[in-house]
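These are the residues of each chain, in order.
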Amino acid sequence: MKFLVVLANLASILPYALAAPKPPTPTPTPLPHETPLIGPLGVQIHSSCNATERHQLLHALAETEQLALVARDHVLNNGPSDKLFKKYFGKGPTAEVIGWFQKLLTGDKSGVLLRCDDIDSNCHQDGWAGHWRGENATEETVICELSYQIRRPLEQMCALGYEVATHKTNVFFASDLVHRFFHVPKVSELVIDHFTDSYEECLEFAKANSTFAVRNTNSLQFFALEAYAYDVAIPGVGCPGKVKTSTKEPETTAPTTTQTSGPTTTEAPKVCHTHADGVEHCE
């Protein structure tokens, strides 16, 4: 009889034993977030950029914002009679220069992207620090590893021998990004372009064609750099510099002598990028 009671009890609890909860299934580790980081100016930074690259790009974008802000405000505060404005833009309209920098500051930049994955396989080429992707992706720019090695922060404006007249417009990361964004149709509207490149050419262009000087990439860059130097780095002074003119000595028949070479300066690597039409532009 006792045996039958025990058996009955076992039968009553068996369904509960069989229905015991299973151990929880481990939650898979989520994949890294692939949404681009939105940096200053509303520019996206692609997930191909690692942590250190992102940190440097965020800083460079913040400085680009500051550079554009100073350039815009210099025109607003000083007007068309300003010596610096006339130097780079002649009798051109202030509104257009103000507008380009304002558009860079607050214009719609949805889809404008900086990436680090060398998707077009150009970064291996000598001197390539980055490039606009052109027809491959008109709103995208590749930043090559060389940029992180050679670009300076704006804190070094007017330091280490820098002068506006004697240095390239891409010495600083901020001014280099201004150049790169002026390639992007969302910013440039395909109006800003490379009409002249060198410092001397830009000054001559201001006198000869002020209509296009206000749309010349390098004129806008040189102006922004000199305005920042004058208004921020060394207020009221800046570091404009002067172009060194080379004078040829008259040829003589005197015997040549061996001279001890003086100290040499290391030039920055030639930096190149490609335009949408496939033309390579080097600085």
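Note that the coordinates shown come from a computational prediction; the quantities given were computed from them, not determined experimentally. (Residues numbered from 1 in each chain as written. Predicted model: local features only at pLDDT ≥ 70, side-chain atom pairs only at ≥ 80, totals over all residues. Heavy atoms only, no water.)

Trainee: Honestly, the side chain of serine 188 in this entry has me stumped. Any pointers?
Mentor: Assignment of secondary structure puts serine 188 in helix α7 (residues 185–188). Those residues in contact with serine 188 that sit more than four places away from it in its chain are Trp100, Phe181, Phe182 and His183. (Helix = DSSP H or I, 4+ residues; strand = E, 2+ residues; numbered from the N terminus. Contact = heavy atoms within 4.5 Å.)

Trainee: Before we go on, may I ask you to explain the pattern of salt bridges in this structure?
Mentor: It is possible for side chains bearing opposite charge to pair when their charged atoms get close. Counted by the stated rule, this structure contains 12 salt bridges. Residues arginine 133 and glutamate 140 are paired through a salt bridge, measuring 2.8 Å at the closest nitrogen-oxygen approach. The pair formed by arginine 133 and glutamate 140 is uniform in burial state, with each residue classed as buried. Across the salt bridge formed by arginine 151 and aspartate 176, the nearest N and O atoms sit 3.4 Å from each other. Of the two residues, arginine 151 sits in the loop between α5 (145–150) and α6 (173–181) while aspartate 176 sits in helix α6, which places them 25 residues apart along the sequence. We classify arginine 151 as buried; its relative accessible area is 11%. Residues joined by salt bridges that share partners form a network here, namely Arg115, Asp117, Asp120, Arg133 and Glu140. (Salt bridge = Lys/Arg side-chain N within 4 Å of Asp/Glu carboxyl O. Buried < 20%, exposed > 50% of the residue type's maximum accessible area, 1.4 Å probe, protein only.)

Trainee: Is there a simple way to explain the state of the cysteines in this structure?
Mentor: The bond known as a disulfide is covalent and runs between the sulfur atoms of two cysteines. In this structure the tally under the stated criterion is three disulfides. Cysteine 158 shares a disulfide with cysteine 239; S-S distance 2.1 Å. Because the sign of the S-S torsion sets the handedness, a value of about -80° for the bond joining cysteine 158 and cysteine 239 places this disulfide among the left-handed ones. On the criterion of sequence distance, the pair formed by cysteine 158 in the loop between α5 and α6 and cysteine 239 in the loop between α10 (217–233) and β6 (272–274) is long-range, its members being 81 residues apart. (Disulfide = S-S within 2.5 Å.)

Trainee: Looking at this structure, I do not really get the nonpolar core. What am I missing?
Mentor: One broad rule of soluble globular proteins: the nonpolar side chains tend to lie buried together. Counting residues in each nonpolar core, the largest one holds 60 residues, and the members touching the most others are Leu57, Tyr88, Phe89, Phe101, Met157 and Phe181. Counting residues per element, the ones that place at least two in this core are α2 (51–78), α3 (83–89), α4 (94–106), α6, α8 (199–208) and α10. Other than its neighbours up to four places away in sequence, phenylalanine 101 contacts Ala68, Ala71, Arg72, Phe182, Leu220, Phe223 and Ala224. (Core = buried A, V, L, I, M, F, W, Y, C linked by side-chain atoms within 4.5 Å.)

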